[in-house]
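# A look at the structure
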Amino acid sequence: MAELSFKTKAQNLKNLQTRIKKAKVLPLVVTSLEELALEETKVLNTIQSLQANKLIIRSSSSNEDSMKNSNAGAFLSLANVDANSKDTLLKALYKVAHSMPSRTDEILIQPMLEKITLCGVGFSVDKDNFSPYFCLQYDENGSNSSITDGSSKSAKTYYHYREYLEFKDAKIQKIIELIKELEFLYDCHFLDVEFAFAFENNQEELFCLQVRPLVMQEKNNLFNSLPKEALDRFYKRFESLKETRPRVLGDKAIFGVMPDWNPAEIIGLRPKRLAFSLYKEIITDNIWAYQRDNYGYRDLRSHPLIHSFLGIPYVDVRLSFNSFIPKKLDESIAQKLVNFYLDKLHKNHELHDKIEFNIVYSCYDFNSSKKLRELLNHGFNENEIKRLEFSLLELTNKIINPHSGLYLKDIQKASKLRQRYDSIVTSNFSLIDKIYWLIEECKRYGTLPFAGVARAAFVAMQLLNSLVEINFISKEEKDRFLNSLNTVSKNLSKQTNDLSINTKEQFLKEFGHLRAGTYNILSPRYDEDFELYFDIDQKDHKIYLHDKAFIFSKDQMKALNNLLKEHGLEINAYEFFDFLRQAIEGRESVKFEFSRLLSKAIVYIEELGKYYHIDKEDLAYLDIKSILNLYSSLYSINPKEQFLEEIKHHKKEYDLTQAIKLPSLLCNCDDIFSFYNHSITPNFITQKSITAYTAKENDTDLEGKIVLIYAADPGYDYLFTKNIAGLITCYGGANSHMAIRASELGMPAVIGVGEENFEKYLKAKKINIECESEQIFCL
């Protein structure tokens, strides 16, 4: 039975003064506009009894803080009001009173808390889906409002699983004990609590500044969806994964949602089973390692790159780091190098989506000698560094060779995709057989060569960027080269400009297989929901197209030839630019073609669902292996029964996936139960500035807006046809599709701002992006 019931802000604090044990409540006076008008002198005398020089005067309306509506921030609060100035005090009281709808609404007056050491807000559960975590956000800058007003630039966010009883920080423990006490007093698990630590009488005390119930209407309640035994099993599995595996070097295990093949960007942080299993099947279980081995790196075949941790995709970062080691590098140097990579990432979590740019040496470039000097400060000697440099040079020469470079063979291999696609689609195969062979041919002629061409394209971008780093070319010249490329995305934009009733059929024949979520059956293809993506009647598209040829002068080409020879790169200047062009264009082209087979396989899966009377919303929870196994295995049980049972199980699992909270980078077992959200360093594209209203991807009016999307998936290319002003993505790396696409089009964009910032930007009506200074302002 609850001791207290929720009332107004003021009454809640008043009631807590004599009951709460885990924190203090500041002295308070409660009045109203009605009382103030009738007994002004009495009210002022009562306020003087607080014996404070500075006051905080807050609204305490009956329209605030209910189970149905919080109205947080709807009414006025004034801080640092001079208690010794009658005029100032009265002005503030009336100002707060007039901000509320009723003359009887309460005005809450308290001493201004001084000498604040920590101040913040805590939720007893996740405020959006009530998953069982204490969620704290606080600042230690001395402000009493930087968290609630959003002005904090050094806020810390902390998550703690409710049933986990171990704490590393005494203050965190006290805050959570306060929240638990409030839960008991109100018999309610869904609380929003404002708190502060401050010095009083030379002793640091915890103060409860406010408590209110979380609004629960129309929200998914996952409070009971995450049993502790699931996290305990996860803990044990993580412990076992810390042990090294065959052919894998490195003394510690780290897992991340963005390093290497970027699952959070491509399939999302919480993908449904079909999308996740498709990604693993066609790329990250085997293909990724097979092709990296082909390109001269360590052989890590049989090692899956991505693990499913209760439904969330995590890259085995130690494995990834191993896969960037040249296979001819001495084993002892390789071991030291992997440990150096792991230590650097462990100390710099913000680099988790930039490992190939800021941590790993995966190829040789024009600035390698300077970059490798960093290793001298980490236990490497000159000889070891030189041997690493030569092995990277040898590997890079093998990749960029204009005659025998594997990327050329991979591009040629991928050219068979159309033929393989047509032969399967026009065959008399059953749906199961068509799905099986589309996936198999997608791997053989699509994702396998794509993994190779993507590696070559990364080397190309690294070489190009290094020319800027050594001031051989300017950043503007680099951008002009990228803008000169003839990519699939640019072709899509051009053809979209010419869209009409007459050209629609041909357009969809070429691009109709694309969908915003490449692996997501719930994301319609262009040819399934054309109006969702395009507007034939829209004219005057402001597409960022640049058809000017990139020209390097004879003197520049001569200087580049000398530079290539000086660095031991076995390629001339013309061949160099040809490599850059073919690799970068080829990456997009091969991805575009393999997605045609993948997309059609998803269409056939939907048709299979219709045959068995299973909605595609349910099919999203099916594992692709369950379908592929039917190609070579016949069971007595009807596939429909098998599918439905599996879907039911995976749906329940997905509730757990939605409920769990984990850091972007998992370094320690304890992170499974409690962790801080580390700062994210987003990737700013171009040097431009833009101020515009915001829009979400599904909004009808995108023109002139800064569009916010969660992933940087190629299927979102249609956005560039909408005359958008800029782009912000939640996930995505510096080398992601959208980063490259925005750079190619000269569009200001911010890629990979992280979940916390993304949620903040979603709420902003207008945003200013300053790419040059790498800043985002909510206006």
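Quick caveat: nothing in here was measured; it's all calculated off a predicted structure.

We now examine the sheet that holds strand β1 (residues 29-32). Judged by pairing direction, the sheet is antiparallel, and its 4 strands sit side by side in the order β1-β4-β2-β3 without closing on themselves. Two strands close off the open sheet at either side, each with one partner strand: β1 and β3 (77-82). Averaged over all pairs of adjacent strands, the angle between strand axes in this sheet comes to 25°, irrespective of strand direction. Here β1 pairs with strand β4 (residues 106-111) via 4 bridges, running antiparallel. Opposite Ser 32, over in β4, you have Glu 106 as the bridge partner. Running over the sheet, helix α4 (residues 86-98) touches β2 (54-60), β3 and β4 and is turned about 175° from β3.

Bringing the environment of Arg 444 into the picture now. Here Arg 444 lies in helix α17 (residues 431-469). Exposure remark for Arg 444: the relative accessible area of 48% places this residue in the partly exposed category. Sequence separation between Arg 444 and Arg 418 is 26 residues; the distance between their C-alpha atoms is 13 Å. Once you skip the residues sitting within four places of it in the chain, Arg 444 turns out to touch Lys 413 and Pro 449.

Now for the packing of aromatic side chains. With the rule as written, the count across this model stands at 48 aromatic pairs. Measuring from centroid to centroid gives 5.3 Å for Phe 481 and Phe 550, while their planes differ by 80°, and the two rings are edge-to-face. With Phe 481 in helix α18 (residues 475-483) and Phe 550 in the loop between α21 (530-533) and α22 (554-566), the pair connects residues that are 69 residues apart, well separated along the chain. By relative accessible area, which is 1% here, Phe 481 ends up buried. The exposure class of Phe 550 is buried, given its relative accessible area of 17%. An aromatic cluster of at least three residues, connected via ring pairs, comprises Phe 507, Phe 511, Tyr 526, Phe 530, Tyr 533, Phe 534, Phe 592 and Tyr 718. Here the guanidinium or amino end of Lys 504 rests over the ring plane of Phe 530, the centre of that ring lying 4.6 Å away.

Further remarks concern the pairing of β2. Across the 7 residues that make up β2, a large majority, 6, are buried. Bridging between β2 and β3 involves 4 bridges; their strand directions are antiparallel. By the bridge assignment for β3, Lys 54 is matched with Asp 82.

Strand order in the open sheet formed by 4 strands is β11-β12-β10-β13, and the pairing between neighbours is antiparallel. Edge positions in the sheet fall to β11 (306-309) and β13 (665-666), since each has one partner strand and no second. Relative to β13, strand β10 (residues 255-256) runs antiparallel, the two being bridged by 2 bridges. Paired with Gly 256 across the strands is Leu 665, a residue of β13.

Our next topic: the confidence of the model for the chain. Caution is warranted with low-pLDDT regions, since their predicted coordinates should not be read in detail. When the pLDDT values of the chain are averaged, the result is 91; 93% of them are 70 or greater. By mean pLDDT, helix α27 (residues 737-745) is the weakest element of the chain at 71, and helix α10 (residues 317-322) is the strongest at 98. Segment residues 540-544 is flagged for pLDDT under 50; beyond a separation of four residues in sequence, or across chains, it makes 15 contacts in the model.

Next up on the list: the nonpolar core. Looking at soluble globular proteins, one finds that nonpolar side chains tend to be buried together. Residues Leu 16, Leu 182 and Ile 728 are the most contacted members of the largest nonpolar core, which totals 86 residues. The element contributing the most residues to this core is helix α5 (residues 170-186), with 8 residues. When sequence neighbours within four positions are dropped, the list of residues in contact with Leu 182 reads Leu 16, Ile 20, Leu 191, Val 193, Cys 208 and Val 211. Ranked by size, the runner-up nonpolar core spans 65 residues in total, among them Leu 342, Tyr 361, Phe 481 and Ile 584.

Topologically, Leu 182 is positioned in helix α5. For the pair Leu 182 and Gly 311, spaced 129 residues apart in sequence, the C-alpha separation works out to 33 Å.

Once that is clear, we can look at unusual backbone geometry. One can expect most non-glycine residues to show negative phi and most peptide bonds to be in trans. With a phi angle near 55°, Asn 201 is a residue other than glycine that sits in the positive phi range. Residue position: Asn 201 is located in the loop between β8 (191-200) and β9 (203-213). When its relative accessible area of 70% is taken as the criterion, Asn 201 is described as exposed. Unusually for a residue other than glycine, Asn 262 sits at a positive phi of about 35°. The topology assignment puts Asn 262 in the loop between β10 and α7 (263-266). Relative accessible area serves as the criterion here: at 16%, Asn 262 is assigned to the buried category.

Summed over the entire model, instances satisfying the criterion amount to 0 disulfides. The cysteine Cys 188 is free of any disulfide, with Cys 208 supplying the nearest cysteine sulfur at 14 Å. Under the relative-accessibility criterion, Cys 188 is labelled buried at 9%.

This brings us to the packing of helix α16 (residues 417-425) against helix α23 (residues 573-611). One way to put it is that α16 packs onto α23 with a least axis distance of 10 Å and a crossing angle of 15°. By the angle class used here, α16 and α23 are roughly parallel. Two packed elements cross with a definite hand, and for α16 against α23 that hand is left-handed. Within the contact between the two elements, α16 uses Leu 417, Arg 418, Tyr 421 and Val 425 and α23 uses Val 590, Phe 592, Glu 593, Phe 594, Arg 596, Leu 597, Lys 600 and Tyr 604. Taken together, the residues of the contact of α16 with α23 break down into 8 nonpolar, no polar and 4 charged.

Running from N to C, helix α14 (residues 382-400) and α17 point in directions that differ by 115°, and their axes come no closer than 10 Å. Classed by the angle they form, the pair α14 and α17 counts as roughly perpendicular. For the element pair α14 and α17, the recorded crossing hand is left-handed. Note on element contacts: α17 touches α14 through Arg 455, Ala 456, Val 459 and Leu 463, opposite Thr 396, Ile 399 and Ile 400. Looking at the contact of α14 with α17, its residues break down into 5 nonpolar, 1 polar and 1 charged.

Analysis parameters
Residues numbered from 1 in each chain as written. Predicted model: local features only at pLDDT ≥ 70, side-chain atom pairs only at ≥ 80, totals over all residues. Heavy atoms only, no water. Pairing = 2+ DSSP bridges. Helix = DSSP H or I, 4+ residues; strand = E, 2+ residues; numbered from the N terminus. Axes fitted to C-alpha atoms, helices over the stretch in contact; angles between N-to-C directions. Contact = heavy atoms within 4.5 Å. Buried < 20%, exposed > 50% of the residue type's maximum accessible area, 1.4 Å probe, protein only. Phe/Tyr/Trp six-rings, centres within 6.5 Å; stacked < 30°, edge-to-face > 60°. Lys NZ or Arg CZ within 6 Å of the ring centre and 35° of its normal. pLDDT = per-residue confidence, 0-100. Core = buried A, V, L, I, M, F, W, Y, C linked by side-chain atoms within 4.5 Å. Disulfide = S-S within 2.5 Å. Parallel < 35°, antiparallel > 145°, perpendicular 65-115°, else oblique. Left-handed = near helix turned anticlockwise from the far one by under 90°. Nonpolar A, V, L, I, M, F, W, Y, C, P; charged D, E, K, R; others polar.

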